[in-house]
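# Summary of structural features
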Amino acid sequence: FNGHLGVYPAGTALTDYAATATRIRAVPGVQGVSVNPATDRARITGTPDPQAVVAAVERAGYQAQAHQALGESLGSFRTLGDRDGVAGCLEELGALAAERLPERAARLLGAAARLREAVGAPLALDDQEETDRISATLLTRLGSERFAIAWATGQSLPLEGAVALALLNETG
């Protein structure tokens, strides 16, 4: 697992620990889940698709916490200068926003694609297929013109602009 969601930050409200662990454990590629109620952290081992883990956490009712965890990971990757990690977080935050904020999702996916191109870090085939599926859904929801404008806007964002967009709260 690439670490994007490997540890939830302290303060993440994983109040129904058993349900959260059960949902995460059901994600293909998860080898183990350890939830620590004292620290509100979950450690995930294995090689699951990060977007599938996000979806599992969402199904457990923790979309805001997933956004927070990804935002913190994004900040860490940015501080470390890990642009591949930043791109992964942008993709995951784009996937998270796809249902409620499709234009933001398209911008984030566009920014991630441009960043991956710039650093020469293409997505793994499975991840590319998932990103293509999300992009196709966004294209259908937005229409070709709105999708193209949002994607191009994301691709034109400087790195700090893409990070700022990703860190906006879910309604902003």
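Scope of this entry: the structure provided in the associated data block.

### Remarks on the pattern of salt bridges
Taken as a whole, this structure holds 6 salt bridges when the rule is applied. Residue Asp84 pairs with Arg116 through a salt bridge whose shortest N-O separation is 2.5 Å. Remark: Arg116 occurs in helix α5 (residues 102-119) and Asp84 occurs in helix α4 (residues 83-97); sequence separation between them is 32 residues. When its relative accessible area of 37% is taken as the criterion, Asp84 is described as partly exposed. Between Arg116 and Glu91 there is a salt bridge; the shortest N-O distance is 2.5 Å. With Arg116 in helix α5 and Glu91 in helix α4, this pair connects stretches of sequence that are 25 residues apart. Grouping residues by exposure puts Arg116 and Glu91 together as buried. Each member of the salt-bridge network shares a partner with another, and the members are Asp84, Glu91 and Arg116.

### Describing the packing of α5 against helix α8 (residues 159-167)
For any two helices packed against each other, one specifies the crossing angle of their axes together with the interaxial distance. Look at α5 against α8: their axes get within 10 Å of each other, and the N-to-C directions meet at 145°. Crossing geometry of α5 relative to α8 is assigned as left-handed. Across the interface between the two elements, Arg104, Arg107, Leu108, Ala111 and Leu115 of α5 pack against Leu159, Ala162, Leu165 and Ala166 of α8.

### Re the environment of Arg78
Inspection of the secondary structure puts Arg78 in helix α3 (residues 63-80). Apart from the residues within four sequence positions on either side, Arg78 is in contact with Val86, Leu159, Glu160 and Val163.

### Things to note about the packing of aromatic side chains
Counted according to the given criterion, the structure contains 1 aromatic pair. Taking the centre distance of 5.8 Å and the plane angle of 35° together, the rings of Phe147 and Trp151 count as tilted. Taken together, the residues Phe147 and Trp151, both in helix α7 (residues 144-156) and 4 residues apart, mark about one turn of the helix.

### A few points about the environment of Gly120
Summarising the element assignment, Gly120 is placed in the loop between α5 and α6 (125-142). On the accessibility criterion, Gly120 (57% relative accessible area) is exposed. A C-alpha to C-alpha distance of 8.8 Å links Gly120 and Asp84, two positions 36 residues apart in sequence.

### Describing α4
In this model α4 runs 21 Å from its N-terminal to its C-terminal C-alpha over 15 residues, within 8% of the 21 Å that 1.5 Å per residue would give. Summarising burial for α4: 12 of the 15 residues are buried, a large majority. Regarding α4, the residues found buried are Gly85, Val86, Ala87, Gly88, Cys89, Leu90, Glu91, Glu92, Leu93, Gly94, Leu96 and Ala97. Its side-chain oxygen at 3.3 Å from the backbone nitrogen of Asp84, Asp82 defines the N-terminal cap of α4.

### Overview of the nonpolar core
Ranked by internal contacts, the top residues of the largest apolar core, which has 30 residues, are Leu74, Val86, Leu90 and Leu93. Counting residues per element, the ones that place at least two in this core are α1 (17-25), β1 (30-36), β2 (41-46), α2 (50-59), α3, α4, α5 and α8. Sorting elements by how many residues they give to this core places α4 first, with 6 residues. If near-sequence neighbours (up to four positions away) are discounted, Leu93 is found in contact with His67, Leu70, Leu74, Leu108 and Ala166. Counting residues in hydrophobic clusters, the runner-up holds 10 residues, among them Ala97, Ala98, Ala105 and Leu142.

Parameters and conventions
Residues numbered from 1 in each chain as written. Predicted model: local features only at pLDDT ≥ 70, side-chain atom pairs only at ≥ 80, totals over all residues. Heavy atoms only, no water. Salt bridge = Lys/Arg side-chain N within 4 Å of Asp/Glu carboxyl O. Helix = DSSP H or I, 4+ residues; strand = E, 2+ residues; numbered from the N terminus. Buried < 20%, exposed > 50% of the residue type's maximum accessible area, 1.4 Å probe, protein only. Axes fitted to C-alpha atoms, helices over the stretch in contact; angles between N-to-C directions. Left-handed = near helix turned anticlockwise from the far one by under 90°. Contact = heavy atoms within 4.5 Å. Phe/Tyr/Trp six-rings, centres within 6.5 Å; stacked < 30°, edge-to-face > 60°. Expected span 1.5 Å × (residues − 1). Polar contact = N/O pair within 3.5 Å; in protein donor to acceptor, adjacent residues only side chain to side chain. Core = buried A, V, L, I, M, F, W, Y, C linked by side-chain atoms within 4.5 Å.

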